[in-house]
Amino acid sequence: MNKNNQQTSRRKFIKKITQYSIGGAAINAFGLTSMLSAQQALADEQDYKALVYVFLAGGNDSFNMLAPKGASPLRTNYETGRRNISLSSETLHELQLQQTAKVYNDLSHQGFGLHPACGDLADMFNNQELAFICNIGNLVKPTTRQAILDKSAELPPQLYSHSDQQLQFQSEPVKPFRFGWGGRMAELLTDFNQSTTVSPLISVAGLNSFQVSLGNQLSTYAMGMDGAASLSGFNGSRKTILNNGLSSVDNTSHLMIQKYRDIFNSAKQAEVVVKDSFTAAESLGVNYNDAFEEAGVAASKIGRQLKSVAKMIAGRQSTGNNRPIFFVKMGGFDGHQNLLTSHQSLLAELNGALKAFRNVLVEQGDFDKTLTFVGSEFGRTLTPNGDGEDAGTGTDHAWGGHAIALGGMINGGQLFGTHPDLALNQGLDASKGRGRWIPTTATSQVNSVMAHWFGVSKQNIPLLFPSISNFADPFQQQANLNFIK
Amino acid sequence: MLRKLKLITIVLPLLITACGGDSDKPPTEKEEVIIPNISIETLVDIAIENNTQVAKFQVTRDSGSEVLLIGYLLSGSEDETLGSASSNDYQLKYADGSDVGDSITIKANNNSRIIELVPIKDEFNEVAETLNLSLQTSSKYILADSKAQAKIIDAQDNAQNRKVFYGTFGQQGDALTSASGVLSFILSGDNSYGLLNYSFSNLTSEQTDQHIHMAPSGQSIKDIEIKGNLQNWLWELAPGGIYKTKQDMLDALFAGVFFVNIHTANYSHGEISAPLKYDETISPPEIQPLTATDVDRDIIRFLNQATFGATPKTYQTLRAQISTNGDNRLQIYNQWIDEQISIEPNSMLEFTEAVLEHFPEEASSSVRRDTFWNLAVHGKDQLRQRMASALSQILVISDESATIRKAHKGAALYWDMLASQAFGNYNKLLKDVSLTPIMGHWLSHLRNQKQDVEKGYFPDENYAREIMQLFSFGLVHRNQNGTIILGEDNLPMPTYDNETIKNLARIFTGLSFSYKLKDGIKQENYWFLTYDNVNNSQYRWVEPMKFFPDFHDFESKTLFTDHQSTIVLPENSEQTAETAMLEFEKAINAIVAHQSTAPFISRQLIQRLVTSNPSPEYIARVASKFNLQGDLTAVVKAILLDPEARNPNALKSSTFGKIKEPILQMTAILRLFEAASQVPLGTQNNGLNIDINEGFESQASLLRLGDINLGQRTLGAESVFNFYSPNYAPTGELSSHSLVSPELQLFTESQLYSIINQFYKLVYSGLVRGNSNKYSVNTKAQLTVQLQYNNLNTLWSNTSGNNKEKAEALFDFVDFYLLAGQFKANKNQKIKDIIVNEIDDLDESSRYKLLIYSINANPEFTIQK
C-alpha cells in the first residue's frame, strides 16, 4: 500500500482546493461565493464525518466469514453443524484478538480466523483498523429459545423473509415502516449539511429503505455506480425543449409526473456537484484506478461503488455537506446452493473492494473520518440444506449474523458483542436444530453507537430507534459495544 | 359468459352385505352405483327491487332420474364492509311460483331446476346486498360446483334512477371570506357510487387542500386529490372515519352528515364548506353520451392497456367497429379480447431457435433476450404477450442467474408457459411453473430432499416461503377488495409463520430432473442428484421436474389457516411419485383458493395493465372473477372492461394511471414508428426465411436491440422481488396521499438519465446488439434497428397549411397515439408550442428525430392514464 508514495495530507489537499477556487474567482463573476465556500471548507475541515453503509443483500453466511480456529469445543460445534460446508481450520486467516471474545453462556474464546478469501480483512483486523460485531440481528426485545418454542415470544414480523428483514435491518423491526435510520439521522443532523443542491443521503446502489426519511423533505440522491451520468446530446433545441418540459410541470400536474420532474431536477443539479467532487478528488494525486485494479475489483460492482464514494468524500467541498451518509450494496449472498463456491468469490470481491477503499481513504487522509459498516439482513442456518453427498449444497435463511466495522476510529482487532456457542437445539438456537441464532445484540444497539459517533446525542437516540429502551444500554460496558474509540 | 361445467363421475364399488330383510336378491360381492354430480350456477346475477327483476340460479345433475333433495345454506358477503341480503330482502321461489323449502328438489325425470331470487320492495336506501347459496354435501351426490352468488340492488343505474345532493359553499366557522360556490353530488341508481361536482371563487388565499368531512365532529372521511373546481369526481363511498360499512356511509349521506371543505393558506382548517343535502326536487342530469373524441381516446387508452402500444392500424380496426358515441364499445372490446385469445401463441423458444440458426456461434442467451422485442413489437398475439409480461413480474425468474442464462431453452420455455396459459387458470399455471427446473433452480427446490434430523439436514425453505409471500396470498389476510383484515388486537393478521413454511417446504421435497442427456441421447433420469449443469441439448431444463419418492417427505403436514379452516395433508402410506404429485397438487389448490390470493394477484395485474392505485371496489370486482381456480380470462376481461379503467375522466385525473414501465415506453415507440432492421424475418430479400406462421406482422424484421440499460429487462430482474415493489410509495405528495407508484422505484436519478440516453441513441443512431454482426452474414448497419417515419411523412405531406400547422399535426399525432390525446384534452399548449417552434423549420429527418427525442424526454409522456 502507498507504494507510489502519493499519500497526501488533508492539509495539502485543502491548500490545493483553496488555490483552485480562488483561481476560479479570478475569471468568474461568482468568485466571491467560491472564495467563501473555500473558507467554509477550511473552517469545517475540523468537523467532517462520513458514514458508509455497505449492505450485503441476500443474507451473508457470516459464520463462514468469521469462524472458530484451532481445537476447541466451539470449533467442534462449528464442524458438527456445518458438516460438508465447514472450512478447515488451517485455511482460515488467523486473527490476533486484542481481547478474548465473549461467547454465549459466559464462555470466552480466543481462536478465530477469517475465510480464506479474506486475507486483507484479516490484515486490517490485525492492524486494529477493523472489528467484528458478533451475532447481531433484528429484535423487538430480548427473547429466549423457550419463549420462541412455546410461541410466547414477541418476534420481528416475518422473520426469515428477505424483503421484511432487509427493511427492518435498515430501520427497526416495527410495523408500519416509517423511516430508515440513515434517512432519519440525516434529518436530525441537518445543521451539518448545508447543500441545497445535493442530498446528504447518497446512494450508489439505487433506492433503499435505509435512507428513507420521516419528513418527506430529504430524498435519496441515487447516482450511478461510476458517478453522475450526463445526458447525451443535451444541447440546442433538445435542451430548450427538455428544460421547458420540466418547468411546465406544476402542482396541477399528475402527482407521478411531479415526482418524476423532481427526480429529473435532482439529477441535473447533482450532476454538476458530483462532477465537481470527482474533479477535485482526481486532482489530489490519488490513483483511484490503480488502487482498485491492484485489488482485482476494478470491474466489480462493489469496487466501482466504493471508488465513487471515496471520490465524493475527497471532493466534499463541492457539496458543503459535512455528514454525508452513503449507501453501498452488494448482492448474491442468498446461498441456497453451491455455497462454498459462490461465497468464495463473493468474499474475495468484498475483501478486495474494502482493501482498495481503505487504501484510498488513507491516501486522501479521510480514513479517520469515514466509518464503514458492513452488514446483512440475516445470517444463515449453521446446518446445510440437503445432505453431505451433494457438492452443490447451501444454507437457509436464519437470524443473527456478524457485521464489520472499519475505519481509523474503530477499536480494531476485537470481536464485540457476544459470539454464539454454535450449539444446536439448545441455548441460542431458535429452531429445532437448524442453527438459527437468536441475536445476542440488537441491530438498534449497534446502530445507536454509530449514530452517536456521527453526531446524534444520546438523548435523541430513541428518535431513531424507538425500541432501544427494551435493550441493555449500548453505551454501558455490559453491552460490549465499545467498538468506536 | 357461462363457464362450462366440469363434471366428474366417480364410480364407487360398494360392498353390499346382507344386513336387512328387504333384499330378495342374493347378496352379491360388488355392485356399481352411479352417484350423480351436482352443480349450481348463476344465470342472472342481479335482482332489482324497483322493477322486480329476479336473479336466477340453476341446479343441475348429470345422472339419475329419481327425486333428489339437496340441502343448502344461505350467507351474505364475506367482506363485512359490503351489504348482505337478509330474509326480509327476498324470497326464494321456483319458476312455477312455489316456495323453495329447506332443501332444493330436483323432480323425477328432470335434470335441473331453476331457483329465483325475488326481491322484496322496501322504502330503504340500500347498497347492493350479496346472497351466497351453498349446496350442502351428502352421500347421495357429489358436488362439482357448490356455490353461486347474486346481488340485490334498489334500482338500475340509469339517468332516471339517480339522486341529486346539492349544497352551496359558505364561510366555514369564523373565516372572513366572501368566497362562494355551488356543489352537486349525483348518486348512482344502485347506490354504489356518486359523481361529485363543485365550483367556487374568491378565496382569500391559495387553496391548499380539500376533503369530505362529517358533521358535527368535522372528522375527515375522504381526501380529494384534485385542487380547484371539480367535475364528475368519482366517490365510491368506501367506508371511512367512524363508518365501518358501505351501508353506514349511505345512511350518513342521506342523513345529510357529509360536507366538503376547501382549505387555504389563510385558513388551514378550511375557509369555505358546503353540505351534501338530498334534494328530491332536482331531477338528475341526462347521462352525457360520449363524444366521438371521447371514444377515439378511449380506444387508444384501451390499446395502450392491452397491447405493447397503440398503432394507427390497431386503432382503425377497432374504430371501424365502434359506433360514434361508443355505446357498443365494451362489446367490441370484449370481442377483440376473444379474438386475441384465439390467436395461436407465438413461441419464444421456437423463435429463438430459428434466429440462432443465423447466429450459430453467438451466446444463445443474447439471442434469447433479444427475441422479446420481436414478440412484443411484431407479434399478433399482443394481449397474450402483454399478459405474459405482467405474469413474468409476479412469477419472477431471472437470467441474472448464470445457470438460467445458459439454459436459454428452459428460460424461453418458461416465457412460453406464461404466454400459453395467460388466459387459462392461475392454479394450473402455478403448478406448472412450480415444476419447471428453471424455477426449481431459481428458488432452490430442485434436488431438495426430505429432512433427516439425525444426519442434521433439512429441506430448503425458499420456495415454500416465496410461493406464499409473492406468488399467491401474500403476508397478511386480505378482504376481497384488497384491504387488510385486522385481527382482535387490531393488527394485520399474518397468513403464515415459520412453522407453516417448514411444513410447506416438505411438500417440495424429492423433485429433480426427469430427463437428461446420456450416451448422446435424451433419456429418463433416475438419479436424484443429477447435477444442474447446462449442456447443449438442455434436455434436463425443458421437461417438468418429477418426484423421486425416496427423497420426498410423506409424513403429515399442517399448512396455513384461512378463515378458520386449516389445511392439513395427511401422512401418505403409499409412497410413490404419483401420491407425492397428488399431495403437491392439493397444496397448490389450497394456496390458490386461499381467500387472499384473488385480491393479491388481481391488484398486481391491474397495476401492470391499467393503474397503480385501483380503488378497493375495482379490486373486488376483478377478484370476484378470479374464483377458486384463478380464471385469468375472466380476470383480464374484468380488468380491461371495468368502469374505472374505461372512465373517460381518467385523462384529466392527477392520480389515475401509472408511470410507463421503461420496456413499455420503448415498445410503444418501436411500434408506432415501425422500427426495423434491414434483415426481414420472412422470405423477402436478405430475409432470414423464418417460418413465422402468420404470427407476426408481414413486414417484421429482426429486432436485436441488445442489453440496453432501461433498468428493466424481461426475465432479468435482480431478485424474485421483481424490478419494483407493488407497494412502493415515493416520498412527498404521493406517499402523503397514500398512493403508490411501483414503476417510479426504477427511476433513480442515474436510471432516468440512462433511459433518456437509450432513446437518444435509438433516435439518432439506432440500436443494435454489440458484436452480433460478428456471428452473422449481416453487417452491423443491416442489423441496426432504426425508427421509420412513414406515418409522420405522410401526415406532413397531407396536412394543408404552413410548416407550423404541419408541425402541430405531427405533435397531435404522437399525443394521440402515445397519450390518448392527453395534451389536447388538458389544453396543455405550452409544451406543444415549444416543440412545434423548434421543429417546424428543420429538414425532414432532423424534424422527426427531434420530435421523438423530445417526447421521450418530456415528463408528461412517461404516464399512461
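For clarity, every value in this text was computed on a predicted model and none was experimentally measured. Here the residue numbering is sequential within each chain, running from 1 through the sequence in written order. As they are written, the chains are lettered A onward and the ligands numbered 1 onward, keeping that order. Residues qualify for local features only when their pLDDT is at least 70, as the model is predicted, and side-chain atom pairs are given and counted only at 80 or more; totals for whole chains, interfaces and linings, by contrast, use all residues.

A.B. asks: Now, about the overall build of chain B: what can you tell me, with residues and values included?
C.D. replies: When you go through chain B residue by residue, the secondary structure sums to 27 helices and 30 strands. Based on C-alpha atoms, the radius of gyration is set beside the globule rule, defined as 2.2 Å times the residue count to the power 0.38. Against the globule reference of 29 Å for 865 residues, chain B gives a C-alpha radius of gyration of 30 Å, in line with a compact fold. Its C-alpha atoms give chain B principal-axis dimensions of about 100 × 80 × 55 Å. Split into buried and exposed, the 865 residues of chain B put 49% on the buried side. Considering only contacts within chain B whose residues lie at least 6 apart along the sequence, 68% involve residues at least 24 apart. Secondary structure is summarised from DSSP: a helix means a run of H or I of at least four residues, a strand means a run of E of at least two, and numbering begins at the N terminus for each. Counting other C-beta atoms within 10 Å of its own, a residue is labelled buried from 20 upward, exposed at 12 or fewer, and partly exposed in the gap between, with every C-beta atom placed from the backbone. Any two residues are considered in contact once their C-beta atoms, placed from the backbone, lie within 7 Å.

A.B. asks: Could you give me a rundown of the overall build of chain A, with the residues and numbers involved?
C.D. replies: From N to C terminus, chain A includes 14 helices and 16 strands. Among the 485 residues that make up chain A, the fraction classed as buried is 57%. Pairs at least 24 apart in sequence give 75% of the contacts found in chain A among residues at least 6 apart.

A.B. asks: How would you explain unusual backbone geometry if you had to name every residue and give the values?
C.D. replies: All names here are of chain B. Here the amide bond leading from Ala215 into Pro216 is cis, since omega sits at 0°, within 30 degrees of zero. Within the secondary structure layout, Pro216 lies in the loop between β17 (207–214) and β18 (220–223). Unusually for a residue other than glycine, Asn191 sits at a positive phi of about 60°. Tracing the sequence through the fold places Asn191 in the loop between β15 (180–187) and β16 (194–201). At Asn722, a position not held by glycine, the phi torsion is positive, near 65°.

A.B. asks: Describe the pairing of strand β9 (residues 103–106) of chain B, with residues and values.
C.D. replies: Every other side chain in a regular strand lies on the same face of the sheet, so the side chains alternate between the two faces. Residues and elements named next belong to chain B. Of the two faces of β9, only the one carrying Ile104 and Ile106 is buried; Ser103 and Thr105 on the other face are not. Pairing geometry for strand β6 (residues 68–75) and β9, over four bridges, is antiparallel. The residue bridging Gly71 from the neighbouring strand is Ser103, located in β9. Pairing between strands is defined by DSSP: at least two bridges between the two strands are required.

A.B. asks: For the packing of helix α5 (residues 348–356) of chain B against helix α6 (residues 364–378) of chain B, give the residues involved together with the corresponding values.
C.D. replies: Residues and elements named next belong to chain B. Convention adopted: a line fitted to C-alpha atoms gives each axis, helices being fitted over their contacting stretch, and angles between N-to-C directions are expressed from 0 to 180 degrees. Two elements in contact, α5 and α6, have axes whose closest approach is 9 Å; the angle formed by their N-to-C orientations is 120°. The orientation of α5 with respect to α6, classified from their angle, is oblique. The hand of the α5/α6 crossing is right-handed. Packed against α5, whose contacting residues are Met348, Phe351, Thr352, Val355 and Leu356, the element α6 presents Ser364, Val367, Arg368, Thr371, Asn374 and Leu375 at the interface. Note on residue categories: nonpolar means Ala, Val, Leu, Ile, Met, Phe, Trp, Tyr, Cys or Pro, charged means Asp, Glu, Lys or Arg, and polar means any other residue, Gly included. When the residues that make up the contact of α5 with α6 are grouped by side-chain class, the tally is six nonpolar, four polar and one charged. Between 65 and 115 degrees an angle is taken as roughly perpendicular, under 35 as roughly parallel, over 145 as roughly antiparallel, and anywhere else as oblique. A crossing counts as left-handed when the near helix is turned anticlockwise from the far one by less than a right angle, and as right-handed when that turn is clockwise.

A.B. asks: Can you explain the interface of chain B and chain A? Please cite residues and give values.
C.D. replies: Interface size is commonly expressed as the accessible area that is lost once the parts come together. The partner chain A presents 60 residues to the 63 residues of chain B that form the contact. Of all the secondary structure elements, the ones that give two or more residues to the side of chain B that touches chain A are α12 (462–469), α20 (733–736), α21 (749–764), α26 (829–839) and α27 (844–857) of chain B. The element contributing the most residues to the side of chain B that touches chain A is α21(B), with 10 residues. Across the side of chain B that touches chain A, the residue classes tally to 26 nonpolar, 23 polar and 14 charged.

A.B. asks: Would you mind going over the domain arrangement of chain B in detail, with residue names and values included?
C.D. replies: All names here are of chain B. Here chain B is partitioned into domain 1 (35–153), domain 2 (159–278) and domain 3 (440–471 + 496–593). For the domains described, the bounds stem from an automatic or database domain assignment. Placing a centre on the C-alpha atoms of domain 1 and another on those of domain 2 gives a separation of 40 Å. Across the boundary between the two partners, domain 1 contributes nine residues, which contact 10 residues of domain 2. Split into classes, the residues belonging to the side of domain 1 that touches domain 2 amount to four nonpolar, three polar and two charged.

A.B. asks: Explain the nonpolar core residue by residue, including any values.
C.D. replies: In these notes, a nonpolar core means any group of buried Ala, Val, Leu, Ile, Met, Phe, Trp, Tyr and Cys residues linked to one another through C-beta atoms within 7 Å. Core analysis: the largest hydrophobic core is formed by 300 residues, its most contacted members being A:Tyr53, A:Ile133, A:Met185, A:Phe326, A:Val328 and B:Ile639. Sort the elements by how many residues they give to this core and helix α9 (residues 255–282) of chain A lands first, with 13 residues. Ignoring sequence-local partners within four residues, the contact set of A:Val328 consists of A:Val52, A:Tyr53, A:Val54, A:Val204, A:Ala205, A:Ile302, A:Gln305, A:Leu306 and A:Val309. The next biggest cluster of nonpolar side chains, apart from the first, holds 26 residues, and it includes B:Ala179, B:Leu203, B:Trp235 and B:Ile262.

A.B. asks: Pulling in residues and values, what's your account of the environment of B:Thr264?
C.D. replies: Residue and element names in this part refer to chain B. Tracing the backbone shows Thr264 in strand β20 (residues 258–264). The sequence separation of Thr264 and Phe626 amounts to 362 residues, and the corresponding C-alpha distance is 44 Å. With sequence-adjacent residues up to four places away left out, Thr264 is seen in contact with Leu203, Thr204, Ser205, Glu206, Gln207, Thr208 and Glu271.

A.B. asks: So what's going on with the packing of helix α8 (residues 236–247) of chain A against α26(B)? Which residues, and what values?
C.D. replies: Where α8(A) contacts α26(B), the two axes come as close as 10 Å, and the packing angle between them is 175°. Between α8(A) and α26(B), the angle falls in the class roughly antiparallel. Contacts from A:Ser237, A:Thr240, A:Ile241, A:Asn244 and A:Gly245 in α8(A) reach B:Ile831, B:Ile834, B:Ile835 and B:Glu838 in α26(B).

A.B. asks: Residue-level account of the sheet that holds strand β2 (residues 66–68) of chain A, with values.
C.D. replies: Adjacent strands of a sheet pair through backbone hydrogen bonds, lying either parallel or antiparallel. Residues and elements named next belong to chain A. Taking strand neighbours across the sheet as the criterion, the three strands line up as β2-β6-β3 in an open arrangement whose pairing is antiparallel. Strand pairing shows two members of the sheet lacking a second neighbour, β2 and β3 (93–94), which therefore form its edges. As defined by bridge partners, β2 adjoins strand β6 (residues 112–114) across three bridges and the pair is classed as antiparallel. Note that in β6 the partner of Pro68 across the bridge is Phe112.

A.B. asks: So what's going on with the sheet that holds strand β3 (residues 37–44) of chain B? Which residues, and what values?
C.D. replies: Residue and element names in this part refer to chain B. Taking strand neighbours across the sheet as the criterion, the five strands line up as β8-β10-β5-β3-β12 in an open arrangement whose pairing is mixed. Every other strand in the sheet has two partners, leaving β8 (90–94) and β12 (142–145) as the edge strands with one partner each. Here the average twist between neighbouring strands, direction ignored, is 25°. Looking at chain direction, β8 and strand β10 (residues 112–119) are connected through five bridges and run antiparallel. Paired with Leu92 across the strands is Leu117, a residue of β10.

A.B. asks: Which residues make up helix α16 (residues 616–626) of chain B, and what values do they have?
C.D. replies: All names here are of chain B. The element α16 is largely enclosed, with a buried count of nine among its 11 residues. Residues of α16 that are buried: Pro616, Glu617, Tyr618, Ile619, Ala620, Arg621, Val622, Ala623 and Phe626. Each element contacted by the buried residues of α16 is listed here: α15 (597–609), α17 (632–641) and α18 (643–646). Looking one or two residues beyond α16, the residue adopting positive phi is Asn627, at roughly 60°.

A.B. asks: Which residues make up the pairing of strand β24 (residues 515–518) of chain B, and what values do they have?
C.D. replies: Alignment of β24(B) against strand β25 (residues 521–524) of chain B, held across four bridges, turns out to be antiparallel. The residue bridging B:Lys518 from the neighbouring strand is B:Ile521, located in β25(B).

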